[in-house]
Amino acid sequence: MHRTHYADQIDAQIIGQSVKIAGWVHRRRDHGGIIFLDIRDRTGLVQVVVEPSTKDLFEQADHLRPEYVVALAGLVQKRPPGMVNPELRSGEVEILPNSLEILAEAKVPPFSVSDGETVDELLRMKYRYIDLRRQPLFKNFELRDRVIWSIREYFHKHHFIDVETPQLARSTPEGARDFLVPSRVQPGSFYALPQSPQIFKQLLMVAGFDRYYQIAKVFRDEDLRADRQPEFTQVDVEMAFVDQEDVLRSMEAMVVQVFHEAMGIALAPFPRLTWDQALERYGSDKPDLCAGEPLVNVSPIAQSKKLPVLGSSEMVAGVVLRRLSPSRKVLDELVAEAKELGAGGLVWMVRGQDGLRTNLKALGESGLELLAKAAALAQGDALLLVAGDKARTLAVAGQLRLAAARKFGQMESGWRFLWVTDFPLFEWSEDEQRITSAHHPFTMPKIDNWQQLAEDPLSLRSQAYDLVLNGVELASGSVRIHRPDWQRQVFMVLGLEPSEIEQKFGFMLDAFQYGAPPHAGIAFGIDRLIMLMAGAKSLREVIAFPKTARGIDPLMDAPSQVDAKQLRDLGLRLDGPAL
RNA sequence: GGAGGCGUGGUGUAGACGGCCUAACACGCAUGCCUGUCACGCAUGAGAUCACGGGUUCGAAUCCCGUCGCCUCCGCCA
């Protein structure tokens, strides 16, 4: 072994001991007559002093450069009085070496490991192994490890069984675009990389596994975002003989444990909203509770009092700004922002020292007072009103609420979890001109009898639920359909032909005929959770080797072209601009 | 597919009003000096087709057009 101690184990406790350490040269401070080396390993730094009396060592130390890999043995000694560095965990001591071995030399790195300077992200990704040496990035992976460890511990403790499911699966309709893998053995056929282990885990329930979890890599061939990578990791869970309440409770307990164990944070119980409530109050199905109070629905007042302009709208939703006394200029900016978000306009009112100011005088004294009262406007408060059809108005008001909170620096910090339940079962796809599943086609409807399903499918709610943290969707799940006849009915509503159902889902319906227990599950986007816990702005900060916004891995230079023989083996011929 | 931002030595930035740019500053790098530093200090030096291509102009890092790359957002993401 090259090492007996890590840097963070070198401290005043072991003064006088001989130790061996190994790591990278972080910095060298050469005073001519004496050389200081900061040796770095993943735990931190330790200072090494090389004195000219040890001539060989001194000459070697003279040759060292940043990022050289070294191993050295020496004596831990107390630093001279006044020379303590309180910034370092090992700052009370230093190592006086008696041997020093250069294990590897290093080119000057393309960017500094030690200075913490912001570096172009493409360069960081190309030299990811160097970026990962930098403390801020490495810390994210320590956190990630603690989180994953805690998750596994929770599931193991609660009798869940970790099962791996195939990465080479079949393409299924619905959902995101699949990554396809051509089969050599079956020319002309393709596997699909899983968008989730959904069907497999349901089959495991049929198999009687009862409680399953997996930390699973999943793949979606869609455009990337700061919080979306083409491959990412899910904590995938499924439980048999449970209802929605059981899943929510168990998963909430899991998240509470993770925050406690990985970060020492005690979370409050998670509030819950139905999907309808979330939309009505926050204009979003993933409300950010950090962004101040809910929207105010003043439609009833506007309509019953037949207020000018607003009274004829289906929905009038208000964003309340407390104690900001916004200036005319700021209000004009908000009007512009609202229009950018898709509002026809924005009505504002501010309660100043001498009454209510507004950009819609037609409301009159009494109209203004009514609205101001509904929003409980005190002096300095402002109310921003968006009006129009319900869906659009709520969406715009919801975004305006977030934009305003950010603009005025009123985003609270904290961990504001929220369960959103009772999602719609279906939605109408304008694109495809057909009904699609809001969650996925295996979701149990919230209905009293199955006659309802075909009557007005778009009005139905489902036993589906999301976990939201600070406005970010963290997990999504549902109670599943476990009866083949019910499942068939849902497929029919989705417009699948019976032959198509047999071909694409026959195996699943078949399985359900052999005794399928009622079951429910959920999947967490674990990268997103860790991103939020780490305070990072992008998933790339918590994934070791991520891809750029255009799906490129600049380190390996993937994806790449392949040679003709590979294509021939697969029975593929390229067509189009790639050639 | 669409919109916006950015691209200047190895790194981070300044320069953007066209001529003061023969491109500046900090860090890094090289060489030398220095026995208590910890972002060591001091001195000297090397290092840039100003992303690429075209245009306007007597003259372009700077203005215009196009291309490429990175980032953000919309679409897309059951």
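Right above here is the structure, for reference.
Residues numbered from 1 in each chain as written. Chains lettered and ligands numbered in written order. Predicted model: local features only at pLDDT ≥ 70, side-chain atom pairs only at ≥ 80, totals over all residues. Heavy atoms only, no water.

Undergrad: Just checking my understanding: could you explain helix 6 (residues 244–263) for this structure?
TA: For an α-helix the count is 3.6 residues per turn, leaving residues at separations of three or four pointing the same way. The end-to-end C-alpha distance of helix 6, which contains 20 residues, comes to 28 Å, matching closely the 28 Å that a straight helix rising 1.5 Å per residue would cover. The complete set of buried residues in helix 6 reads Gln244, Val247, Leu248, Ser250, Met251, Glu252, Met254, Val255, Gln257, Val258, Phe259 and Ala262. In this structure Asp243 caps helix 6, since a side-chain oxygen of it lies 3.2 Å from the backbone nitrogen of Glu245. Phi turns positive, to about 70 degrees, at Gly264, one or two residues after helix 6. (Helix = DSSP H or I, 4+ residues; strand = E, 2+ residues; numbered from the N terminus. Expected span 1.5 Å × (residues − 1). Buried < 20%, exposed > 50% of the residue type's maximum accessible area, 1.4 Å probe, protein only. Polar contact = N/O pair within 3.5 Å; in protein donor to acceptor, adjacent residues only side chain to side chain.)

Undergrad: Explain the packing of aromatic side chains to me, please; I cannot follow it from the model alone.
TA: Between two aromatic rings, the relevant description is the distance of the centres plus the angle of the planes. Going through the model one piece at a time under the given rule, you end up with 12 aromatic pairs. Considering the side-chain rings of Phe259 and Trp415, the 5.2 Å spacing of their centres and the 70 degrees angle between planes classify their relative orientation as edge-to-face. You can see Phe259 sitting in helix 6 and its partner Trp415 sitting in the loop between helix 11 (390–407) and strand 17 (417–421), a full 156 residues away along the chain. Using a relative accessible area of 27% as the deciding quantity, one classes Trp415 as partly exposed. Consider the rings of Phe270 and Trp419, whose centres lie 6.5 Å apart with planes at 45 degrees: the pair is tilted. (Phe/Tyr/Trp six-rings, centres within 6.5 Å; stacked < 30°, edge-to-face > 60°.)

Undergrad: What am I meant to see in the protein's contact with RNA strand B here?
TA: For RNA strand B, the set of nearby residues contains 46 residues, the closest of which are Asp30, Met83, Glu222, Ser437 and His439. Here, RNA strand B places atoms within 4 Å of the protein, and 54% of those atoms are sugar or phosphate. The contact in question runs from a base nitrogen of RNA strand B to an N or O atom on the backbone of Gly32, over 3.3 Å. Within the backbone of Gly33, an N or O atom sits 3.0 Å from a phosphate oxygen of RNA strand B. Elements with a minimum of two residues in the surface near RNA strand B: strand 1 (18–30) and helix 2 (121–126). By residue class, the composition of the surface near RNA strand B is 16 nonpolar, 12 polar and 18 charged. (Near = heavy atom within 4 Å. Nonpolar A, V, L, I, M, F, W, Y, C, P; charged D, E, K, R; others polar.)

Undergrad: Explanation requested: unusual backbone geometry in the structure shown.
TA: The bulk of non-glycine residues show a negative phi, and the bulk of peptide bonds are trans. Residue Ala558 is joined to Pro559 through a cis peptide bond whose omega torsion reads -5 degrees. Positionally, Pro559 belongs in the loop between helix 15 (526–534) and helix 16 (564–570). One non-glycine residue, Phe241, adopts positive backbone phi at about 60 degrees. Its place among the elements puts Phe241 in the loop between strand 10 (231–240) and helix 6. With phi around 35 degrees, Ser325 is a residue other than glycine that occupies positive phi space.

Undergrad: Any chance you could explain the nonpolar core here in plain terms?
TA: Generally speaking, a soluble globular protein has its nonpolar side chains buried in company with each other. If you look at the biggest cluster of nonpolar residues, it comprises 70 residues, and the most contacted ones within it are Val147 and Phe155. With eight residues, the single largest contributor to this core is helix 6. Residues lining this core come from more than one domain, with at least three contributed by each of domain 2 (136–267 + 523–566) and domain 4 (423–462 + 483–516). Once residues within four sequence positions are removed from consideration, Phe155 is found in contact with Phe160, Tyr213, Val235, Val237, Met251 and Met254. (Core = buried A, V, L, I, M, F, W, Y, C linked by side-chain atoms within 4.5 Å. Domains from an automatic or database assignment. Contact = heavy atoms within 4.5 Å.)

Undergrad: I tried to follow the environment of Pro194 on my own but got confused; where do I start?
TA: Within the secondary structure layout, Pro194 lies in the loop between strand 8 (190–192) and helix 5 (198–206). Sequence-distant contacts of Pro194, that is, excluding residues within four places in its chain, are made with Pro166, Gln167, Lys217, Val218 and Phe219.

Undergrad: Is there a simple way to think about the packing of helix 4 (residues 135–157) against helix 6 in this case?
TA: How two helices sit against one another is set out by the angle between their axes and by the gap between those axes. Remark: helix 4 packs on helix 6, axes separated minimally by 9 Å, with the N-to-C direction vectors making an angle of 140 degrees. Of the possible angle classes, the one that applies to helix 4 and helix 6 is oblique. Note that helix 4 runs across helix 6; the crossing there is right-handed. On the side of helix 4, the interface is formed by Leu143, Arg146, Val147, Ser150, Ile151, Glu153, Tyr154, Phe155 and Lys157, while helix 6 contributes Ser250, Met251, Ala253, Met254, Gln257, Val258, Glu261, Ala262 and Met263. Each residue belonging to the contact of helix 4 with helix 6 can be placed in one class, and the counts come to 11 nonpolar, three polar and four charged. (Axes fitted to C-alpha atoms, helices over the stretch in contact; angles between N-to-C directions. Parallel < 35°, antiparallel > 145°, perpendicular 65-115°, else oblique. Left-handed = near helix turned anticlockwise from the far one by under 90°.)

Undergrad: Explanation requested: the pairing of strand 17 in the structure shown.
TA: The side chains of a regular strand alternate between both faces of the sheet. Of all five residues in strand 17, five are buried; the element is thus mostly enclosed. With three bridges connecting them, strand 11 (residues 272–274) and strand 17 associate as parallel partners. From the neighbouring strand, Leu273 faces strand 17, where its bridge partner is Val420. Examined bridge by bridge, strand 17 and strand 20 (residues 464–469) share five bridges and lie antiparallel to one another. Bridge assignment links Thr421 to a residue of strand 20, and that residue is Tyr465. (Pairing = 2+ DSSP bridges.)

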